[in-house]
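If you want the building blocks of each chain, they are given just below.
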Amino acid sequence: MVAVTTHSEPLSSVLETIGETPLVEVQASPLDVPVYAKLESFNPGASIKDRIGKYMIEGLLEQGEIEPGGTVIEPTAGNTGIGMAMAATQLPVEATFVVPERFSVEKQILMRSLGAEVINTPTEDGMKRAIEHARELAAEMDNAVVPQQFASPLNVAAHRETTGPEIYEALGGEVGAVVAGCGTAGTLMGITKYALDQHPDTHITAVEPEGSLLATTKGEDIEEGEYHIEGIGSHDVSTNELFEPELVEEVMQISDRTAQEELKRLAREEGQLVASSAGAASVAALDIAERIDRGEIDAPYDSVVTVFPDSSERYLSKGIYDSYEEWIAED
Ligand code: PMP
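Criteria and cut-off values
Residues numbered from 1 in each chain as written. Predicted model: local features only at pLDDT ≥ 70, side-chain atom pairs only at ≥ 80, totals over all residues. Heavy atoms only, no water. Helix = DSSP H or I, 4+ residues; strand = E, 2+ residues; numbered from the N terminus. Rg over C-alpha atoms; globule rule 2.2 N^0.38 Å. Buried < 20%, exposed > 50% of the residue type's maximum accessible area, 1.4 Å probe, protein only. Contact = heavy atoms within 4.5 Å. Lys, Arg positive; Asp, Glu negative; His and termini not counted. Charge placed at Lys NZ, Arg CZ, Asp CG, Glu CD. Near = heavy atom within 4 Å. Polar contact = N/O pair within 3.5 Å; in protein donor to acceptor, adjacent residues only side chain to side chain. Areas by Shrake-Rupley, 256 points an atom, 1.4 Å probe, with all protein chains shown as cover. Nonpolar A, V, L, I, M, F, W, Y, C, P; charged D, E, K, R; others polar. Pairing = 2+ DSSP bridges. Axes fitted to C-alpha atoms, helices over the stretch in contact; angles between N-to-C directions. Expected span 1.5 Å × (residues − 1). Domains from an automatic or database assignment. Buried area = accessible area lost by both parts, 1.4 Å probe. Salt bridge = Lys/Arg side-chain N within 4 Å of Asp/Glu carboxyl O.

J.: How should I be thinking about the overall build of the chain in this particular structure?
T.: Counting secondary structure elements, the chain contains 9 helices and 10 strands. Here the C-alpha atoms of the chain give a radius of gyration of 19 Å, agreeing with the 20 Å that 2.2 N^0.38 yields for 331 residues. Projected onto its principal axes, the C-alpha positions of the chain cover 60 × 45 × 35 Å. Each of the 331 residues in the chain was classed as buried or not, and the buried ones make up 58%. Taking contacts inside the chain between residues at least 6 apart in sequence as the whole, the part at least 24 apart equals 72%. Of the side chains in the chain, 21 bear a positive and 60 a negative charge, and the two mean positions are spaced by 2 Å.

See below:
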């Protein structure tokens, strides 16, 4: 299901523009170990989640999990909602989303504009409550399904079949390390499964905010805390059903401050308008590249690939380019 559009001929639906995003070098990379970032804001809904929106709804219809005219009800931090809502305008389903209040207003406006219903749950109840609420709603309705991006193999398959192959094609197969932020972990697991098929020694790194708990799956004793980076991290690893720690060399924790400094640097020095999860991924990927450069990591090739999941434009109301203190105070 790899997208084949060249963007040089007329298309009949915006869904046909999903994927085939550019891979651009991070200019701050060490000279001999370039880091390449997949720029996912080039998707029509401006994030990586357009890929799974289309892929998962098509998959659920194909599998008969939902009949045409039914409703998908998804707990989502936002980008998945936009991707699924966009896909739902073109596929014969309705879309409802359950979103913890803290997530950005821009995303919720976009979901509603795409014709979806948005239901908020209290911020303090976290993603776990949003997931439970989506399940309760689906149980009350006929012909409704929770696509469950946190548990569905379709999420991983979307990236194994599209994001991964696109990266390898762009680099002629020469990928030494993969570094990506984990929310559902669909992005990292999908790319990783493709990567390990290409070369079993590819170095794999997961990225999460400081205060998040995925690193505990690698036996690390870390302190739980609040974080501001949006789209990655977990306070309850039992919800991260797709994350397979045994495929990952390490889980790197990046602080809010470091991620914000990097996203600001990326804008100022590299012309990249990316958000906080991309800032975190960039810092982690540059660190892995430097360790490969120093010979501390033995990767099959001298290159690192990461993903910039979305654009900063979606977070301007949350003060993403303001001072650290102002950004942190915004909720
Ligand atoms: N960054 C942003 C901005 C996101 O919305 C998400 C999805 N939650 C991610 C990163 C992480 O992607 P995944 O769910 O595939 O791990």
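J.: Looking at this structure, I do not really get the site of the ligand. What am I missing?
T.: In the region of the ligand, 16 residues are neighbours, and G183, T184, A185, T187 and S277 sit closest. Within the side chain of T184, a nitrogen or oxygen atom sits 2.6 Å from an oxygen atom of the ligand. Burial of the ligand by the protein amounts to 96% of the accessible area it has alone, namely 380 Å². Of the residues contributing to the shell around the ligand, the split by class is 5 nonpolar, 8 polar and 3 charged.

J.: Is there a simple way to think about the side chain of T96 in this case?
T.: As for its position among the elements, T96 is in strand β4 (residues 94-100). For T96, a relative accessible area of 8% puts it in the buried group. T96 has contacts with T71, V72, I73, E74, E117 and I119, leaving out every residue within four places of it along the chain.

J.: Please clarify how the sheet that holds β4 should be interpreted in this entry.
T.: Two strands in a sheet stick together by hydrogen bonds in their backbones, pointing the same way (parallel) or opposite ways (antiparallel). The 4 strands are arranged β5-β4-β3-β6 in an open sheet whose pairing can be described as parallel. If you trace the sheet from one side to the other, it starts and ends with β5 (117-121) and β6 (144-145), each paired once. In the sheet, strand β3 (residues 71-75) pairs with β4 via 5 bridges, with the strands oriented parallel. Within β4, the position partnered with E74 by the bridge is F97. Those strands touched by helix α2 (residues 79-90) are β3 and β4, and its axis lies near 170° from that of β4.

J.: What am I meant to see in the environment of E40 here?
T.: Counting through the fold element by element, E40 comes out in the loop between β2 (35-39) and α1 (49-62). Measuring from C-alpha to C-alpha, the distance between E40 and P22 comes to 7.9 Å, with 18 residues separating the pair along the chain. Here N43 takes part through its side chain, which lies 2.7 Å from a polar atom of the side chain of E40.

J.: I keep staring at helix α7 (residues 256-270) and nothing clicks. Help me out?
T.: In an α-helix, one turn spans 3.6 residues; hence positions three or four apart end up facing the same way. Taking 1.5 Å of rise per residue, 15 residues should cover 21 Å, and α7 covers 20 Å from first to last C-alpha, within 8% of that figure. Every buried residue belonging to α7 is among D256, A259, Q260, E262, L263, R265, L266 and E270, and all of these are buried. Check the buried side of α7 and you find it contacts β1 (23-26), β9 (250-254), α8 (276-293), β10 (304-308) and α9 (324-329). G271 lies just past α7 and shows a positive phi near 70°.

J.: Hey, could you run me through the domain arrangement of the chain in this one?
T.: Per the domain assignment, the segments making up the chain are domain 1 (14-44 + 157-330) and domain 2 (49-145). Here the C-alpha centroids of domain 1 and domain 2 sit 24 Å apart. Listed by partner, the interface residues are 32 residues for domain 1 and 21 residues for domain 2. The three residues of domain 1 that bury the most area against domain 2 are L15, E230 and R314, which together make up 30% of that side's buried surface. There are 4 salt bridges connecting domain 1 and domain 2. Note that E166 and R51 form a salt bridge whose closest N and O atoms lie 3.0 Å from each other. Where domain 1 packs against domain 2, one counts 11 residue pairs in polar contact (both at pLDDT 80 or more). Considering every element that reaches the side of domain 1 that touches domain 2, the biggest residue donor is helix α5 (residues 153-170), with 7 residues. When the residues that make up the side of domain 1 that touches domain 2 are grouped by side-chain class, the tally is 10 nonpolar, 11 polar and 11 charged.

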